[in-house]
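Structural features, examined
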Amino acid sequence: MISNLSITDFQTVVKERHSVRYYDPSVTISREEMREILTEATLAPSSSNLQPWRFLVIDEQELKEKLHPIAHNQAQVLQASAVIAVLGDMKWYEKGEAIYTQAHEAGIMPEEIKQQFITTANTMYRNLDDAKKKSILDIDGGLVSMQLMLIAKSRGYDTVPMGGFNREQFKQEFNIPDHYESIMLIAIGKAAKPAFPSVRLPLQEVAFWNKINN
Ligand SMILES: Cc1cc2nc3c(=O)[nH]c(=O)nc-3n(C[C@H](O)[C@H](O)[C@H](O)COP(=O)(O)O)c2cc1C
C-alpha cells in the first residue's frame, strides 16, 4: 500500500523534473548508485516482460570527450556525471527462455504458461519485420528512459534525454554490436544552472473523451 505522503513526493518529482543542460562537472555518481538507479529503472513494464533495453554507461571523461562531437557538441555531454546510452537489442526475444524460466523458478509462472511465453518469443517476436521490432524497442526503451529520469530526480539528480546525436557514428566509435539500436542518450548529474522553463499544450488539445474532435 502506498501512503499519501509517497504520492505527494512522487508528484513533486514529476513536477520538478526538467531537462537540465548545465551540470556541475565535479559531481560523480558511484557505480553502486548507478547500478541502483538502473535496477530501479528496469522495473518499467515491457512487451511480454522481454526487457529489450540495454545500457552503456559512459562515465570516463575521455569517452565523454569522444562522444561530445558525435552528440553535436552539446555541453551536457562533457559536464554531466555520466551519459547513459539507452540501447535496444534487436534479438531481445532470445532472452525469453531465461526470463520465463526465472519467473517459473520464482513460483510466479506455471510451467504451461512459461512454455507458451517461450513459444511466443521464439516465433511471434522473432518473425516480426525490422520496423515492428524497432517500434517495440522504441516503446519499451522510452518507458525505461522515463522511469530512469524520474528515479534520478527522486535521488537528487537531474537529467536530459538526447535524440540529437549521430547514431551511425556512435555505433561505430563506441563498438556497439550491429544488433543493438540506439534509442536515446541521457545525461545525468547535478544541475549547475536551472533548466530552461518549458510549456505544455492545454489539455483540451491533447486529451479527448470517447471521441476525437478534429
Ligand atoms: C526523445 C527526446 C529527444 C531529445 N533530444 C534532446 C537533445 O538532443 N538535446 C536537448 O538539449 N534536449 C533534448 N530533449 C529534451 C526536450 O527538449 C525537452 O524534454 C522538452 O523541451 C521539454 O522540456 P522538459 O524536459 O524540461 O520538460 C529531448 C527530449 C526527448 C523526449
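Heads up: the structure comes first, above all this text.
Worth saying up front: this structure is predicted, and the values here are computed from it rather than measured. Each chain has its residues counted from 1, following the order in which its sequence is written. Since the coordinates come from a predicted model, pLDDT governs what is reported: local features require at least 70, and pairs of side-chain atoms require 80 or more to be given and counted, while whole-chain, interface and lining totals use all residues. Hydrogens are left out, water is left out, and the side-chain values use all remaining heavy atoms of the structure.

Let's talk about the packing of helix α5 (residues 96–105) against helix α6 (residues 111–125)
Under the convention used in this document: Lines fitted to C-alpha atoms define the axes here, with helix axes fitted over just the stretch in contact, and angles between the N-to-C directions of these axes take values from 0 to 180 degrees. Helix numbers and strand numbers start at the N terminus; a helix is a DSSP run of H or I with at least 4 residues, a strand a run of E with at least 2. Orientation is classified from the angle alone, with under 35 degrees giving roughly parallel, over 145 giving roughly antiparallel, 65 to 115 giving roughly perpendicular, and any other angle giving oblique. Less than a right angle of anticlockwise turn of the near helix away from the far helix marks a crossing as left-handed, whereas a clockwise turn marks it as right-handed. Any two residues whose heavy atoms approach within 4.5 Å are treated as being in contact.
Contact geometry for α5 and α6: axes closest at 9 Å, N-to-C directions at 165°. Considered as vectors, α5 and α6 are oriented roughly antiparallel to each other. Our pair here, α5 against α6, has a crossing hand that is right-handed. Residues Gly-96, Glu-97, Tyr-100, Thr-101 and His-104 of α5 touch α6, and the partners they reach there are Glu-111, Lys-114, Phe-117, Ile-118 and Ala-121.

Some details on the layout of surface pockets
As a reminder, the rule being used: Points on a 1 Å grid over protein atoms alone make up a cavity when a 1.4 Å probe fits among them but cannot get out, and a pocket when they form an open set with protein on both sides within 12 Å along at least five of seven lines; lining residues each have an atom within 4 Å of a point. Grid points are joined across faces, edges and corners, and a volume is the space filled by probe spheres set on the points. Note that Gly is not counted as nonpolar here; it falls among the polar residues with everything else outside the nonpolar set of Ala, Val, Leu, Ile, Met, Phe, Trp, Tyr, Cys and Pro and the charged set of Asp, Glu, Lys and Arg.
By volume, the largest pocket amounts to about 200 Å³. If you trace the largest pocket, you find it lined by Thr-42, Ala-44, Asn-49, Gln-51, Ile-99, Tyr-100, Gln-102, Ala-103, Ala-106, Ile-108 and Met-109. Broken down by class, the residue content of the lining of the largest pocket amounts to seven nonpolar, four polar and no charged. For the second largest pocket, the calculated volume is near 160 Å³. What lines the second largest pocket is simply Arg-31, Met-34, Arg-35, Leu-38, Val-57, Ile-58, Asp-59, Glu-60 and Leu-63. Elements represented by at least two residues in the lining of the second largest pocket include exactly α2 (31–41) and β1 (53–58). For the lining of the second largest pocket, the residue count by class is five nonpolar, no polar and four charged.

Section: the pairing of strand β4 (residues 180–189)
What counts, and what does not: Classification of residues uses two cut-offs on accessible area relative to the type maximum, computed with a 1.4 Å probe and protein chains only: under 20% is buried, over 50% is exposed, and between them is partly exposed. We call two strands paired when DSSP finds no fewer than two bridges between them.
In terms of burial, β4 is largely enclosed, as nine of its ten residues are buried. Of the pairings in the sheet, the one linking strand β3 (residues 158–162) to β4 comprises five bridges and is antiparallel in character. Residue pairing across strands places Met-162 opposite Leu-185, the latter belonging to β4.

A closer look at α2
The criterion, for reference: Read the arc as the range of directions from the helix axis to the C-beta atoms.
Where α2 is concerned, the buried positions are Glu-33, Met-34, Ile-37, Leu-38 and Ala-41. Buried positions in α2, seen along its axis, are confined to an arc of 135° and lie on one side of it. Relative to its buried face, α2 has exposed residues pointing more than 90 degrees away, namely Glu-32 and Arg-35.

Shape is all these values report; function is a separate question.
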